[in-house]
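What the coordinates show
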Amino acid sequence: MQLGSIISIFIAGICDGAVPVYSLLYGADDRQGIKLLTKKGLMLLEICSVGLIVLFVFFPGILLRIFGIESALQQSICIRAIRTFAIYAPFRSALVFYRVLLNAGGKIKYASTIAVLDSIIGITAFSYLGSAIWKIDGLWYAYIMNLIVIIILMVIYNIHLYHKSQKKISPFYLLSEEPERFMLDLTILSDEKEFTQLSENAVACCKENGFSDRISTFAGLLIEEMAAYTRNHCGEHQYLDILMKKEESGIKIDFRSIGKPFNPLVESEQDPRYNVDLLNKLVNDIHYVYAMGLNTTSIILKEK
């Protein structure tokens, strides 16, 4: 339990940081951003969990001293518990992160059911069963057995939802297929060199969706200039999200990046290296907002 409390500190910190960003991405229907956030969050959680477990498995004396465990019998029980927990912790960390994201995405009943099974109902039932079979070691085995059952039930339920939607959602993310209005959804590194190719792809994408050569060319120019401008301000090796949506009257392009605030509407005259003035002249509407650590610039191009 004490080891679980230590790992829970890292789980809570990562989840607290991920939830507001996930909510923002979910509200914007940014599938690529959600997938990237989930992968990075799970990776960070596993690194922290495995790192702590390896530390305590190979150096159990650290944990014994922290909690004042001195008797030989207690130390023997504690070491066996740590080894058992080493199997449980990485998978349980991923489960908690997944449950928190489900809740942030509006699947409250599903997330609440997992939380109940992961605590009162599941642990109590398997602790009783495990202790009856393996004595005191059964208390630690109960966590693993409960986790296995929860994962199996989740896999079955996710597959059920997948087939219920007629295979229109992802069985893992439980997100619907990309809405038709999305023409382009990319997450790239801000130090990417192929901005010109990105612009050409955007032009071709616009034309494929029935837009005129004029607005397609404008969209390509804006994406190239705004991507370069964002790269200059958000720093190297940061991710840049580009979403291009088909609207009734034209095209909406969203740029999002993590980093210090920067406003292209204010700084256009202060940054002559990029043609941000051109951006302001071509667009019909442009908005900038800095929220939850994200710079978001929204541009609207109208067909007429």
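Before reading on, note that the structure itself is shown above.
This write-up is about the structure you can find in this document. Bear in mind that the values here come from a model prediction, so they are computed numbers and not experimental data.

Things to note about the nonpolar core
Of all hydrophobic cores here, the largest spans 43 residues; its most connected members are Ile7, Phe97, Leu102, Ile114, Met154 and Leu174. Those elements giving two or more residues to this core turn out to be helix 1 (2-27), helix 2 (31-58), helix 3 (60-66), helix 4 (72-104), helix 5 (108-117) and helix 7 (137-164). Looking at which element gives the most residues to this core, the answer is helix 4, with 12 residues. Leaving out residues up to four positions away in the same chain, isoleucine 7 has contacts with Ser49, Leu52, Ile53, Phe85, Ala89 and Ser93. In terms of nonpolar packing, the next biggest core, distinct from the first, is built from 28 residues, Ala219, Ala228, Ile242 and Met244 among them.

Notes on the pattern of salt bridges
Think of it this way: side chains of opposite charge can pair up when their charged atoms draw near. Per the stated rule, a full pass over the model turns up 4 salt bridges. Of the charged contacts in the structure, one is a salt bridge between aspartate 118 and arginine 92, with a shortest N-O distance of 2.8 Å. Of the two residues, aspartate 118 sits in the loop between helix 5 and helix 6 (120-134) while arginine 92 sits in helix 4, which places them 26 residues apart along the sequence. Judged by relative accessible area, aspartate 118 falls into the buried class, the value being 7%.

Some remarks on the packing of aromatic side chains
All told, the structure shown has 7 aromatic pairs when counted by the stated rule. Geometrically, the ring pair formed by tyrosine 22 and tyrosine 26 is stacked, given 6.1 Å between the ring centres and 15° between the ring planes. Of this pair, tyrosine 22 and tyrosine 26 both sit in helix 1, 4 residues apart, roughly one helical turn. A centroid spacing of 5.2 Å and a plane angle of 90° characterise the contact between tryptophan 134 and tyrosine 141, whose relative ring orientation is edge-to-face. Tryptophan 134 gets classed as partly exposed once you look at its relative accessible area, which sits at 39%. Here the aromatic residues Phe85, Tyr88 and Tyr143 are joined through ring pairs into a cluster of three or more.

What about a nonpolar patch on the surface?
A contiguous nonpolar patch, built from Val50, Val54, Leu55, Phe58 and Phe59 and spanning about 470 Å² of accessible area, is present on the exposed surface. Turning to its location among the elements, valine 54 is positioned in helix 2. Judged by its relative accessible area of 40%, valine 54 is partly exposed.

Topic: the packing of helix 4 against helix 5
Interaxial distance between helix 4 and helix 5 falls to 7 Å at its minimum, and their mutual angle equals 150°. When the axes of helix 4 and helix 5 are compared, the pair comes out roughly antiparallel. When you trace helix 4 past helix 5, the crossing you get is left-handed. On helix 5, the residues touching Leu95, Arg99, Leu102 and Asn103 of helix 4 are Ile108, Tyr110, Ala111, Ile114 and Ala115. Its residues assigned to classes, the contact of helix 4 with helix 5 shows 7 nonpolar, 1 polar and 1 charged.

Cut-offs used in this document
Residues numbered from 1 in each chain as written. Predicted model: local features only at pLDDT ≥ 70, side-chain atom pairs only at ≥ 80, totals over all residues. Heavy atoms only, no water. Core = buried A, V, L, I, M, F, W, Y, C linked by side-chain atoms within 4.5 Å. Buried < 20%, exposed > 50% of the residue type's maximum accessible area, 1.4 Å probe, protein only. Helix = DSSP H or I, 4+ residues; strand = E, 2+ residues; numbered from the N terminus. Contact = heavy atoms within 4.5 Å. Salt bridge = Lys/Arg side-chain N within 4 Å of Asp/Glu carboxyl O. Phe/Tyr/Trp six-rings, centres within 6.5 Å; stacked < 30°, edge-to-face > 60°. Patch = residues over 30% accessible without salt bridge, like charges linked within 9 Å, V, L, I, M, F, W, Y side chains within 5 Å. Areas by Shrake-Rupley, 256 points an atom, 1.4 Å probe, with all protein chains shown as cover. Axes fitted to C-alpha atoms, helices over the stretch in contact; angles between N-to-C directions. Parallel < 35°, antiparallel > 145°, perpendicular 65-115°, else oblique. Left-handed = near helix turned anticlockwise from the far one by under 90°. Nonpolar A, V, L, I, M, F, W, Y, C, P; charged D, E, K, R; others polar.

Just distances and angles here, no functional claims.
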